[in-house]
Number of protein chains: 4
Amino acid sequence: MCGVVGLIGENKAGEKLFPALFALQHRGQDAAGILSFDFQRGHFQLEKDLGLVSQVFPLERLARLQGSMALGHTRYSTIGTVEKEDLQPLVLSYPNGLGMVHNGNVTNYSEILDYVRKRRSRWTFTRNDLEILLHMMSIGVSDQLEEGANLNAEVLAKAARLVVEQVKGAYSIVGMMANLGMFAFCDPQGIRPLLIGRKLEEGRYKYCFSSEKQVFFGLGYEYWRDLRAGEFVFIDQEQNFFSFPLAEKIARPCMFEWIYFAGAETEWHHRPVYEVRLRLGEILAAEAARKMKLEVFDVDVVAPVPDTSRAAALRLAEVLEKPYREVLIKNRYVQRSFIVNEPEMRKAMVNLKLLPVESEIRGKKILLVDDSIVRGTTSARIIQLLREAGAEKVYLASTCPPIRYPCFYGIDFPEGESLVAFEKTEDQVARFLGVDALIYLPLSRLKEAIGLDSLCSACLDGDYPVKVSKNEFLDTRNRNIGGGGKNEVNV
Amino acid sequence: MCGVVGLIGENKAGEKLFPALFALQHRGQDAAGILSFDFQRGHFQLEKDLGLVSQVFPLERLARLQGSMALGHTRYSTIGTVEKEDLQPLVLSYPNGLGMVHNGNVTNYSEILDYVRKRRSRWTFTRNDLEILLHMMSIGVSDQLEEGANLNAEVLAKAARLVVEQVKGAYSIVGMMANLGMFAFCDPQGIRPLLIGRKLEEGRYKYCFSSEKQVFFGLGYEYWRDLRAGEFVFIDQEQNFFSFPLAEKIARPCMFEWIYFAGAETEWHHRPVYEVRLRLGEILAAEAARKMKLEVFDVDVVAPVPDTSRAAALRLAEVLEKPYREVLIKNRYVQRSFIVNEPEMRKAMVNLKLLPVESEIRGKKILLVDDSIVRGTTSARIIQLLREAGAEKVYLASTCPPIRYPCFYGIDFPEGESLVAFEKTEDQVARFLGVDALIYLPLSRLKEAIGLDSLCSACLDGDYPVKVSKNEFLDTRNRNIGGGGKNEVNV
Amino acid sequence: MCGVVGLIGENKAGEKLFPALFALQHRGQDAAGILSFDFQRGHFQLEKDLGLVSQVFPLERLARLQGSMALGHTRYSTIGTVEKEDLQPLVLSYPNGLGMVHNGNVTNYSEILDYVRKRRSRWTFTRNDLEILLHMMSIGVSDQLEEGANLNAEVLAKAARLVVEQVKGAYSIVGMMANLGMFAFCDPQGIRPLLIGRKLEEGRYKYCFSSEKQVFFGLGYEYWRDLRAGEFVFIDQEQNFFSFPLAEKIARPCMFEWIYFAGAETEWHHRPVYEVRLRLGEILAAEAARKMKLEVFDVDVVAPVPDTSRAAALRLAEVLEKPYREVLIKNRYVQRSFIVNEPEMRKAMVNLKLLPVESEIRGKKILLVDDSIVRGTTSARIIQLLREAGAEKVYLASTCPPIRYPCFYGIDFPEGESLVAFEKTEDQVARFLGVDALIYLPLSRLKEAIGLDSLCSACLDGDYPVKVSKNEFLDTRNRNIGGGGKNEVNV
Amino acid sequence: MCGVVGLIGENKAGEKLFPALFALQHRGQDAAGILSFDFQRGHFQLEKDLGLVSQVFPLERLARLQGSMALGHTRYSTIGTVEKEDLQPLVLSYPNGLGMVHNGNVTNYSEILDYVRKRRSRWTFTRNDLEILLHMMSIGVSDQLEEGANLNAEVLAKAARLVVEQVKGAYSIVGMMANLGMFAFCDPQGIRPLLIGRKLEEGRYKYCFSSEKQVFFGLGYEYWRDLRAGEFVFIDQEQNFFSFPLAEKIARPCMFEWIYFAGAETEWHHRPVYEVRLRLGEILAAEAARKMKLEVFDVDVVAPVPDTSRAAALRLAEVLEKPYREVLIKNRYVQRSFIVNEPEMRKAMVNLKLLPVESEIRGKKILLVDDSIVRGTTSARIIQLLREAGAEKVYLASTCPPIRYPCFYGIDFPEGESLVAFEKTEDQVARFLGVDALIYLPLSRLKEAIGLDSLCSACLDGDYPVKVSKNEFLDTRNRNIGGGGKNEVNV
């Protein structure tokens, strides 16, 4: 998962993306970058590094980001596989001045890489799939120019169409063509979100693209609309807006954005995240009543696993007419990267990640609400923790149906037995977690809660919107783990 | 505000305090330190530095903290006044091996400093009031030893009695006497919290002192009881427990611990913080009904200002039978120390600190609950933010009565006009904040909510448990702001 | 000034360049870099950074430099104009895999940049002239490939010929063509040095290119010969050696290499630097006798300004039959970058740069030998220092004739009045420096000392081997000082 | 070895010591520190850290060093044993305000430590012998004050006398007593140097103490005289000068200061270092003639091992009427701390430390002059290097007699077989080194060259001026290597 953002029409657009990246920091905390373009000087300026947004950009670095058009990125990656060369944005200087950011994952990476190598005879590559997207786009443009076309919106749209036809996977892209303007497009099924904001000043709109809506609020923009699946959007130097169709497929937005990833403040497909999460709780209440039967009347308190599941737990409590309480407090200072040697200390650190509010737990029958259950290890630990703190009963309700398949489109899910629900019935999972009752929202009702019938729910039912061959699967996994070719230069 | 912790009886007690400090990090994020004592080698080892707990202690630093007795500290301080020499713990090597940590503030600092200088002819001092507490304790011990006493628990208790008689202010202290054991005591009115935990292993108790209860949970200790106002506690090398009376005053615990400072998971004076906060909401509901009259039925939604006021808002909503919603999301990445030059960017950064959930705001009459209102600037901004996001009405309820006086006991409150309620009626404050109605919890009902009649509520009613003269007031202020003598060495 | 090095035929050639760069550190202390190529994997790996060689390359960085072919660089630059993007080596990935390092300066930079922009429509550029050399070479190759040529040594040589015909200035280049091999060439007059070393192992030679000879010694290579002016040299993957003529001009090597820049251990044009410096002293002795007349017999001691002028001073002393003494000791710890505020402290720092050996100065008539006099400020200070330490007379002899013109070929000389000899007679310079006599080696005798008639002595007599127009002059100056376009990205 | 310096009478004396420490950097490059005292505020300020002088003191750190009295220190230590707590200066705040720096080594450390522990019941200690010197001085002062004395120069002198009577070893100390003034003294035989400088301004002298003379030159002071063995010197706040006798022993200055340690620009006992080194060469010439017999006429060139032995080689060449040449160039960038894994790279790095000037070596008979031969490994390597570069014969002359015994007074010599001359005749050493002839200066003639009969030459003849017992020897060794108790705090 990553956060992307683009801005055109502002003075010092690059500098303005600094606050914007804070609003997308939760989508990626490993690295951040901004690329600006200055129409006056005809120059790109790129600043990116490992670290939090606040660490990557001291004032003097921001000051270099001149020009009225800029892209930004926050990056998520598994520990140990971060290479400086892989950070986004990436920019090509030759033969076209082309810069891009993206959120997603290319599934036929090796195939596309071979094609690019043949067409471009390049000797160095990053492991970043953005790089091959960038070259595909550039090849598409170059081919048309060689045939005599003039560089304009149509040429870009046609190049994007070639990308979309050949590159498989999920990708939401914002890009800049030197001296021309800013563009955005995504895979034909629009698996990852991309929103458009705008601000009217002196009779013309300035535009902003972003993975989430709160960026618009922070920058003083209004949220206009989503980028549509199969749409290519272009804004030129005079801030004229163009839209071209690339493909005609039905959108399959990733359901996990509403469940977990997206900030509570954003919306997508006209479905505000907070509202969806309330509805998830509402429907889950009915499921709980159905599954727990009489026991449901015995529940003393409904409690969320902080932070994402608060809205659902709250609404569930309302529907069941049970008190909502926060029985677990999240310690914001214990993070994933601490290394402690001794088992005793490790245990203490894990203990301190979520602290029980004993006064609300002892002697209570608790219905705990979590957004989803992936590996199940954290859930099992929480349930034991509540029991140790004196809970009489612990029921667990998940707003996400059982996750049983890997994601190839950018979410860091494991595969096979590492998924607690892999080849297990719900009862088996319940026993594994040590819970008195386990309520999963069924997939059909998840769609109801979101209000969309066409979703990407591959991790739930194995119905992959973009087919992935065995080889592509292995290839994707290897790239993520960090294979041999990882240290090359990108030039 | 600071967090203190002590541990005796464990192997590598110093190392074990590392996870403990994470549980107290919210009480101070500017610096952290651990001091260990090794009875075998007769040596202290001190490791402390500016930064978060996670930054201050790499593994090799923890490994040096040998021995079965240790103190820990997390430090809060205003930006710019942090000096490395001022960090805690402090240790005296000569004439007694004495180490201490504390939480609080000495109000007759200059007077005590003069006394110490006379008795000790020291040439260098930190600005830390712990240093003079340490010397006062050491002088008290040395005087008795010179008169022929043998160093033991009674001698320590007597020295502590002298400290308590002469040093004014609020202080909760944990200390270690080389080769002897660990002690704890506080000012006669017990203004700041100190709790005792223990763990029975092989027939004897190990002991742990901490500002908050969750430390015990993290380390596998049980919470035993509070340190009493006017009590001196000592645990010797064999882990025998002693208690001596120092003073006979009625406790005046700081009410702001329940309102804001303490973690929701702790308790003090048998009042669990989360429970108190629920009750604050409950009583505040009645106040709201009384003050808002019919308007109260019109409220669409009750919402907390995250994070502290969640419990109160929740209970208030329950009592009023109104839905509880989170309409503001806190951005964890925007912190106080960012420096941005341009007003436009500063505004964007402020905007991004609390993000509105528009779907829950537009067209709604919102009753917002905050733990307290100090300067009022944040409150005013939030109210404007809600209105801009489409709120029809915004009411504000505060679980803390109007703050009108400075705190001399360790809380970083401003004085005079910087306090929004200073010399203003509640209506004037309401107008200043731009709110449709403002409900403050009255002081009498605050006591009811906490369930204690004797509290330190000096910031509310000016009734200071420890009198502070004009000179002492100015002196305290100067030390906090950072006067001339700040860079001296402590040796 | 910079140092360049290339190595082909060794396992882990990149790692082996690490010690080699220490031997060239005196030619540039601002940055260092190594680029390796791995024929097996078909990949470049680039590691470069600001700082000393010892700082830039931790072990793990060296370990990444896989492959049997590598280039290295040490960089000299004026404070404040160092940009990370400008560091060498540079590598092009597309359309040819081409990496290069160089030492020198392009004088028609803007003209070439325009040409490259036209041919390559690039949107970002460093300010480094290597970048345009790299693109010119790449364009030369690409054009031939498009016409159907196969990539081989001839194609490279032809491309180099195009470079040499169009790019004006001084440049000694070592480069690598991916999958093909290593090449080297320089401007037609060979203004900057480039030497070839080799090592016979298992019946075939491994080759090494370097700015100076001691690199060969360090790596266990023998010094074979110089790269000739107008020669293009290529070594293929099997280590076969090819040489092609590019141009037929007479060499004009920079005389300042022997005077000052080169290490005493190297040689060039069969003239060992140490030997030349001895001869400079020998001839300077005759000049001193001629100019000082009877006074020369009165000299008590001949002394060098450390470190470069030791050899000359020594031989001069021998010829005059006067004792050679070191009356000034250089403090290695006071370097150019210290910033001190107070004039008094600045003075103390300057004082400590060169410390007088008073026992050898007091009451003595001293003939001081310096390699050259540029601005004259250091010389003036030294002379005053010797007088203050009690010298009776101070004579100054310079192994370099008066420097009166700027250098456009890579040496950081100032222009106009900043040069002490600018529009001044030797007597005027003597008076300015406050010296009892001033002896300059005449240009004719400098040639005699070096043993070459054809030299670049432009800074002495204004006879520029490569003509520089007024515009090019201004352009060069601006790029050196750090003009507007300095922060662009190189991609 | 270390460098010490003290300054009294200047405004901002601490800041002024910054340039002074550069002039003493060659005596210790591991750490640096300055302690200042401000009579107005009655405060010490201490700034010290690991690193070069240039790294330890940024401007803001210097600015804190207020007051007219200050001490400075540069520290030498073996890799891996540097602890921040061990850095100098050290300051005691209680019971007296006392700060000190020293150069040397205490040989009865454990005995003195026991005494201090008894008298001071301290619980923490550094491993630095300065700390116990500081406490001994402080105990001496405190004891007199307790008996009713007033703190003044006599009291300090009497305390210093007690130190000198009990503490064995070599130590040159500069100290400051808060509110009183600056003092200096050394062990009764004055084994390590301490010089006094002064500057007359407005009718009174300001004073400076330093290990070497060039500090005075840098600060604009005149060199007045040496501190005498057995002398206690005190300068009060009004800059009045006092001198008291402490002991009546004959001075035994360390001969190695002239041979190697001291800068060429300093002097001691009226013997300028450069002059002594010339004389060493002169006498060594006679020894060479005597030992080499007819061969001496065959020598083609006399060459120093850079840098220290230049003066001796030069004079030796003059006397033998042979040319002096520099055949080895020292690479200033290859330093002791580089870690390289592969033997091949290690060899290259060693090769590059000293580079041969082949033009001066090939076919020549070379008489190489080195200041001393300790382990012999470097000498053996150099000799082989010269042979490989074509030298016909290599003779080696050492200005220092054979080193056969360890030093207990602060020089980092090894013991036993690690010393090449240990239990070997000169011929055996010659064979070991692979040299055609080996000439050592005899001890008697070393004294002649220095012009002093009473020297510390313990490492040459085992005649230790301060006796060291077996236990003390082992103890010293352990402390140097880094024993168990090294991490304690100094408070």
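The text that follows walks through the structure, step by step, so that each part is easy to find. Note that this is a predicted model, so its numbers are computed, not measured.

Reading guide: rules and limits
Residues numbered from 1 in each chain as written. Chains lettered and ligands numbered in written order. Predicted model: local features only at pLDDT ≥ 70, side-chain atom pairs only at ≥ 80, totals over all residues. Heavy atoms only, no water. Contact = heavy atoms within 4.5 Å. Buried area = accessible area lost by both parts, 1.4 Å probe. Salt bridge = Lys/Arg side-chain N within 4 Å of Asp/Glu carboxyl O. Helix = DSSP H or I, 4+ residues; strand = E, 2+ residues; numbered from the N terminus. Nonpolar A, V, L, I, M, F, W, Y, C, P; charged D, E, K, R; others polar. Patch = residues over 30% accessible without salt bridge, like charges linked within 9 Å, V, L, I, M, F, W, Y side chains within 5 Å. Areas by Shrake-Rupley, 256 points an atom, 1.4 Å probe, with all protein chains shown as cover. Lys, Arg positive; Asp, Glu negative; His and termini not counted. Charge placed at Lys NZ, Arg CZ, Asp CG, Glu CD. Buried < 20%, exposed > 50% of the residue type's maximum accessible area, 1.4 Å probe, protein only. Least-squares fit on C-alpha atoms with pLDDT ≥ 70 in both. Axes fitted to C-alpha atoms, helices over the stretch in contact; angles between N-to-C directions. Parallel < 35°, antiparallel > 145°, perpendicular 65-115°, else oblique. Expected span 1.5 Å × (residues − 1). Polar contact = N/O pair within 3.5 Å; in protein donor to acceptor, adjacent residues only side chain to side chain. Pairing = 2+ DSSP bridges. Disulfide = S-S within 2.5 Å.

## Let's talk about the interface of chain C and chain D
Link 1 in the chain: Counting residues at the interface gives 58 residues for chain C and 57 residues for chain D.
Link 2 in the chain: Taking both sides of the interface into account, the surface hidden between chain C and chain D amounts to around 5,000 Å²; carbon and sulfur atoms contribute 67%.
Link 3 in the chain: Scanning the region where chain C abuts chain D turns up four salt bridges.
Link 4 in the chain: Between Glu-318 of chain D and Arg-325 of chain C there is a salt bridge, with the nearest N and O atoms lying 2.7 Å from each other.
Link 5 in the chain: If you list the elements that add at least two residues to the side of chain C that touches chain D, you get helix H1 (13-22), helix H3 (59-63), helix H7 (214-219), helix H9 (273-292), helix H11 (310-320), helix H12 (343-353) and strand E18 (354-356) of chain C.
Link 6 in the chain: In terms of residue class, the side of chain C that touches chain D is made up of 30 nonpolar, ten polar and 18 charged.

## Digging into a negative patch on the surface
Link 1 in the chain: A cluster of acidic residues, Glu-146 and Glu-147 of chain A together with Glu-146 and Glu-147 of chain C, forms a negative patch on the protein surface.
Link 2 in the chain: Judged by relative accessible area, which is 67%, Glu-147 of chain C ranks as exposed.

## Thoughts on the relation of the copies chain A and chain B
Link 1 in the chain: Expressed as a screw operation, the relation of chain A to chain B combines 0.0 Å of axial shift with a rotation of 180°, fitting to an RMSD of 0.1 Å. In short, the pair behaves as if placed about a two-fold rotation axis.
Link 2 in the chain: In this assembly, 100% of the residues forming the interface of chain A have copies in chain B that are likewise at the interface, indicating an isologous arrangement.

## Some words on the packing of H1 of chain C against helix H12 (residues 343-353) of chain D
Link 1 in the chain: Two numbers describe how H1 of chain C lies on H12 of chain D: the axes approach to 9 Å, and their chain directions differ by 10°. Comparing their axes, H12 of chain D and H1 of chain C come out roughly parallel. Taking contact as the criterion, the partners of Glu-15, Lys-16, Phe-18, Pro-19, Ala-20 and Phe-22 of chain C in H1 of chain C are, on H12 of chain D, Glu-344, Met-345, Ala-348, Met-349 and Leu-352 of chain D.
Link 2 in the chain: Among the residues forming the contact of H1 of chain C with H12 of chain D, the class breakdown is eight nonpolar, no polar and three charged.

## Some thoughts on the relation of the copies chain C and chain D
Link 1 in the chain: Expressed as a screw transformation, the operator carrying chain C onto chain D has a rotation angle of 180° and an axial translation of 0.0 Å, and the superposed copies differ by an RMSD of 0.1 Å.
Link 2 in the chain: Comparing interface residues between copies, 98% of those in chain C also lie at the interface in chain D; the contact surface is shared.

## Structural notes on helix H6 (residues 153-166) of chain A
Residues and elements named next belong to chain A.
Link 1 in the chain: The end-to-end C-alpha distance of H6 is 20 Å, a good match for the 20 Å that 14 residues give at a rise of 1.5 Å each.
Link 2 in the chain: Ala-153, Val-155, Leu-156, Ala-157, Ala-159, Ala-160, Val-163 and Val-164 are the residues of H6 that are buried.
Link 3 in the chain: Buried-residue contacts for H6 involve helix H5 (129-146), strand E7 (169-177), strand E8 (181-186), strand E12 (231-236) and strand E13 (241-245).
Link 4 in the chain: For H6, the capping residue at the N-terminal end is Asn-152, with a side-chain oxygen 3.1 Å from the backbone nitrogen of Glu-154.

## Quick word on the sheet that holds strand E9 (residues 195-201) of chain C
Residues and elements named next belong to chain C.
Link 1 in the chain: Here seven strands make up an open sheet; going across it, the order is E3-E2-E4-E1-E10-E9-E11 and the pairing antiparallel. Lying at the two open borders of the sheet, with one neighbouring strand each, are strand E3 (43-50) and strand E11 (222-226). Direction aside, neighbouring strands of the sheet carry axes that sit 15° apart on average.
Link 2 in the chain: As paired elements, E9 and E11 share four bridges and run antiparallel to each other. Note that in E11 the partner of Arg-198 across the bridge is Glu-222.
Link 3 in the chain: Against the sheet, H1 touches strand E1 (2-8), strand E2 (31-38) and strand E4 (69-75), its axis set at about 30° to E4.

## What about the sheet that holds E13 of chain A?
Residue and element names in this part refer to chain A.
Link 1 in the chain: With respect to topology, six strands assemble into an open sheet ordered E5-E6-E7-E8-E12-E13, the strand pairing being antiparallel. Two strands bound the open sheet, and with one partner strand each, they are strand E5 (90-92) and E13. Taking each pair of neighbouring strands and ignoring which way they run, the sheet shows an average axis angle of 20°.
Link 2 in the chain: Sheet analysis places E5 next to strand E6 (residues 98-106), joined by three bridges and oriented antiparallel. Its bridge partner being in E6, Leu-92 is matched across the sheet by Leu-98.
Link 3 in the chain: Across the sheet, H5 lies against E5, E6, E7, E8 and E12, angled at about 125° from E6, the strand it touches most.
Link 4 in the chain: Across the sheet, H6 lies against E7, E8, E12 and E13, angled at about 150° from E12, the strand it touches most.

## Section: the state of the cysteines
Residue and element names in this part refer to chain B.
Link 1 in the chain: Applying the stated criterion across every chain yields a total of zero disulfides over all chains.
Link 2 in the chain: For Cys-254, which is in no disulfide, the shortest distance to another cysteine sulfur is to Cys-456 and amounts to 5.9 Å.
Link 3 in the chain: Among the residues examined, Cys-254 registers a relative accessible area of 5% and is labelled buried.

## Quick word on the interface of chain A and chain B
Link 1 in the chain: Contacts between the two partners involve 58 residues from chain A and, on the opposite side, 58 residues from chain B.
Link 2 in the chain: The junction of chain A with chain B conceals about 5,000 Å² of combined surface from both sides, 67% of it contributed by carbon and sulfur atoms.
Link 3 in the chain: Counting the surface chain A buries against chain B, the share from its top three residues, Phe-22, Phe-217 and Tyr-333 of chain A, is 14%.
Link 4 in the chain: In this structure, the connection of chain A to chain B is made through four salt bridges.
Link 5 in the chain: Counting the contacts that link chain A with chain B gives ten residue pairs in polar contact (both at pLDDT 80 or more).
Link 6 in the chain: Among the secondary structure elements, those contributing two or more residues to the side of chain A that touches chain B are helix H1 (13-22), helix H3 (59-63), helix H7 (214-219), helix H9 (273-292), helix H11 (310-320), helix H12 (343-353), strand E18 (354-356) and helix H13 (358-361) of chain A.

## Regarding the side chain of Ser-172 of chain B
All names here are of chain B.
Link 1 in the chain: Inspection of the secondary structure puts Ser-172 in strand E7 (residues 169-177).
Link 2 in the chain: Judged by relative accessible area, Ser-172 falls into the buried class, the value being 0%.
Link 3 in the chain: Look past the residues within four positions of Ser-172 in its chain and what remains in contact with it is Val-4, Val-101, His-102, Asn-103, Phe-185, Cys-186, Arg-192, Pro-193 and Leu-194.

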